[in-house]
Amino acid sequence: PMTAKRKDTTTPPVDDVDRPMTDDEFGRGRTAFVAKRARDATNLSQAEFSSRYGIPIGTVRDWEQGRKAAEAAAMNYLLVITKMPDAVAEALTPAA
């Protein structure tokens, strides 16, 4: 029996490899890196991270998967979470 040849989708065309990234692609890639690093610093799941830091779960997913770039303020928030996760969570907790 004949089988259809599959198109190799693992290697991008040569012209795509040499093409510089667009600003949007770079921004989404940087956001993905920073978002993952921030969550790794907390050892939390996406849902736990979302709840603890007041970021919608869909936004966390979009950032980590490189679907959307974070605005400057959100990017700075992620950087602060990376360096001081407990202090940020404490600052967000209502006083008793």
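Note that the structure is predicted; figures quoted are calculated from it, not measured.

Definitions and cut-offs
- Residue positions are given per chain, counted from 1 along the sequence in the order it is written.
- Thresholds applied to this predicted model are a pLDDT of at least 70 for local features of residues and 80 or more for the giving and counting of side-chain atom pairs; totals over whole chains, interfaces and linings are not thresholded and use all residues.
- As a rule here, side-chain values come from all non-hydrogen atoms in the structure, and water together with hydrogens is ignored.
- Under the scheme used here, helices are H or I runs from DSSP no shorter than 4 residues and strands are E runs no shorter than 2 residues, and both carry numbers assigned from the N terminus.
- A 1.4 Å probe rolled over the protein chains alone gives each residue an accessible area, and that area as a share of the maximum for its type sets the label: buried under 20%, exposed over 50%, partly exposed in between.
- To measure how exposed things are, a 1.4 Å probe is used in the Shrake-Rupley method; for residues, cover is taken only from the protein chains shown.
- As used here, the arc belongs to the directions running from the helix axis to the C-beta atoms.
- Residues count as neighbours in contact if any of their non-hydrogen atoms are within 4.5 Å of one another.
- Aromatic rings from Phe, Tyr and Trp, taking only the six-membered ring of Trp, are treated as a pair when their centres fall within 6.5 Å; an angle between ring planes under 30 degrees marks them as stacked, one over 60 as edge-to-face, and anything in between as tilted.
- In what follows, salt bridge is the name for a side-chain nitrogen of Lys or Arg lying within 4 Å of a carboxyl oxygen of Asp or Glu.

1. Considering the overall build of the protein
- Within the protein one finds six helices and zero strands.
- Its helices and strands in sequence order give the protein the pattern α-α-α-α-α-α, from N to C terminus.
- Across the 96 residues that make up the protein, the buried fraction comes to 28%.
- For the protein, the computed accessible surface area is about 7200 Å², with 56% contributed by carbon and sulfur atoms.

2. Re helix 3 (residues 46-53)
- Three or more residues of helix 3 are buried, namely Q46, F49, S50 and Y53. Here the buried residues of helix 3 occupy an arc of 100 degrees about the axis, which is enough to place them on one side.
- Those residues of helix 3 that are buried are in contact with helix 2 (23-42), helix 4 (57-64), helix 5 (72-83) and helix 6 (85-92).

3. Looking at the side chain of D62
- Mapped onto the secondary structure, D62 falls in helix 4.
- D62 sits in the buried class, given a relative accessible area of 16%.
- In this view, D62 contacts R67 and K68; residues no more than four positions away in its chain are not counted.

4. Quick notes on the packing of aromatic side chains
- Under the definition given, this model contains one aromatic pair.
- A ring pair is formed by F49 and Y53, whose centres lie 5.0 Å apart and whose planes are at 50 degrees; its orientation type is tilted. A residue pair is termed a helical-turn pair when its members lie 3 or 4 positions apart in one helix, as F49 and Y53 do in helix 3 at four residues.
- Under the relative-accessibility criterion, Y53 is labelled buried at 2%.

5. Some words on the pattern of salt bridges
- Applying the stated criterion across every chain, the model contains six salt bridges.
- Here D86 ties to R52 by a salt bridge, and the two come within 3.1 Å at their closest N and O atoms. Taken together, the positions of D86 in helix 6 and R52 in helix 3 put the pair 34 residues apart, joining distant regions of the chain.
- D86 gets classed as exposed once you look at its relative accessible area, which sits at 53%.
- Across the salt bridge formed by D62 and K68, the nearest N and O atoms sit 3.8 Å from each other.
- Bridged by salt links that share partners, the residues D62, R67 and K68 form one connected network.

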